[in-house]
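Per-entry structural report
Each chain, written out:
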Amino acid sequence: MTFAAIAAVALAPVFAALPQSAAAGAGAMPTDSCSPVSAADLAAHGWSNEPPGQHYSCVHTDPALGLQRTYWVYVPTGSTPTAMPLIVVLHGCTEQAPDIAYVSRFDWEAEQQHFVVAYPEQANFQMTGTTSFDGNGSRCWNWFLPQGQNRGAGEPALIAGITRSVISTRHIDRQRVDVIGISAGGATADIMAATYPDLYAAAGVLAGCEYKGLPCLGSAAVQPPQLSGQLAYRASGAHARVVPFLVENGDTDPVVPAANAFEVTQQLQVTDDLAAHHGVLTNAVPPGPCAITAVTPTPAIDTTQTPPVARNPYDVLYYSTDGTACRDATTPARGLLGEMVIVHGEAHAWPGGPQPTTTEIYSNPGGPDITDIAYQFFMAHPCRLHAGVCAAGA
């Protein structure tokens, strides 16, 4: 799908910026219902090539918002006396849970590493009143609309509600609850880091956009990341804390050009700088990386795949909390504020995914395994808990 087509399907149904449905049941508590899905029935729901753990099909309803979303949960096989991490994965436009699970292989990672995965799903566009609507005609998260950018309202509140439900019903390690997304889901993961830093220990933004960073699609965002970073800090309110980040982009992505990755990184640096210093910005210009690793895969061709694929070289840029030298030059990922991965020759796709198909096109099998990279990054960055939530000082 061309950039023009993606932009049209993503934005056309909602550019009128109508207000979303008003609160229908103020004060009522959200409810969730989940049903296990057998392996035999998974295919009927669009799932394929899945590990042997248990899948749950769920519905989250928030009467106060008057909104509802479906979501899926994957729980790996086996039991453990220790609590498991939770990773919330947000799909891109034209996708739903089975699609992002297929291209990311997060369920297989969860089965191997023993953690829980949750996949919130965007609703289809529908009018909910004369001047109100819900969802998106291309199943894009509405990251670009004001009502999708704040705590306690719209899609951020729904995703946070789904996250809290999974935490309350599964044996979850509260210090290791993370969020990651690609494209519109990546932009929304950035929003979740801004609006719910007390809920998510760290965030991953793949081919995404900075907070309130229009246009992003087809070009860099016009808004300076210094301003976006301040707006994201304000959105955090009293919950502000330093949120570690992982950012990724292909340098030939025509949909979300790689310039956005640098803007997202700088925005997150500014937000974290403000959070670390109680609203005082100590670096007017976000510092550059403290280390850069250039990776040239060998062999250059992966012959284990059919057909064989060329493996993309990529760069990993590491960021410290204050711009000083990396703490550990031999393992720079440990203890750092953030990482940015730039994959050379990659378009708009999930790096390290399976071979693209006619229905699953947003996958780059020659890229680095960003799913495992994200898992390792998240596990190295648990949050510090206070009264059961991620607190400042982490």
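Here the structure is shown first, and the text comes after it.
A few points on the structure.

Definitions and limits used
- Residues numbered from 1 in each chain as written.
- Predicted model: local features only at pLDDT ≥ 70, side-chain atom pairs only at ≥ 80, totals over all residues.
- Heavy atoms only, no water.
- 1 Å grid on protein atoms, 1.4 Å probe; cavity = no way out; pocket = protein on both sides within 12 Å on 5 of 7 lines; lining within 4 Å.
- Points joined across faces, edges and corners; volume = space filled by probe spheres on them.
- Nonpolar A, V, L, I, M, F, W, Y, C, P; charged D, E, K, R; others polar.
- Helix = DSSP H or I, 4+ residues; strand = E, 2+ residues; numbered from the N terminus.
- Contact = heavy atoms within 4.5 Å.
- Buried < 20%, exposed > 50% of the residue type's maximum accessible area, 1.4 Å probe, protein only.
- Axes fitted to C-alpha atoms, helices over the stretch in contact; angles between N-to-C directions.
- Parallel < 35°, antiparallel > 145°, perpendicular 65-115°, else oblique.
- Left-handed = near helix turned anticlockwise from the far one by under 90°.

Here we come to the layout of surface pockets. Looking at the second largest pocket, its volume works out to about 250 Å³. In terms of lining residues, the second largest pocket is bounded by 15 residues, among which Arg311, Pro365, Gly367, Pro368 and Asp369 are the most central. Looking at the lining of the second largest pocket, its residues break down into five nonpolar, six polar and four charged.

Moving on to the side chain of Ser236. Within the secondary structure, Ser236 is located in helix H7 (residues 225-236). If we skip the residues at most four places from it in the chain, Ser236 touches Ala193, Ala194 and Pro197.

As a further point, take helix H9 (residues 370-379). Of all 10 residues making up H9, seven are buried, and the element is well covered by its neighbours. Looking at H9, one finds that the buried residues are Ile370, Thr371, Ala374, Tyr375, Phe377, Phe378 and Met379.

Orientation of helix H4 (residues 106-113) relative to H9, taken along the N-to-C sense of each, is 45 degrees, at an axis distance of 10 Å. Judged by the angle between their axes, H4 and H9 are oblique. Considering the relative orientation of H4 and H9, their crossing is right-handed. The residues of H9 that touch H4, namely those facing Phe106, Glu109 and Gln113, are Thr371, Asp372, Tyr375 and Gln376. Broken down by class, the residue content of the contact of H4 with H9 amounts to two nonpolar, three polar and two charged.

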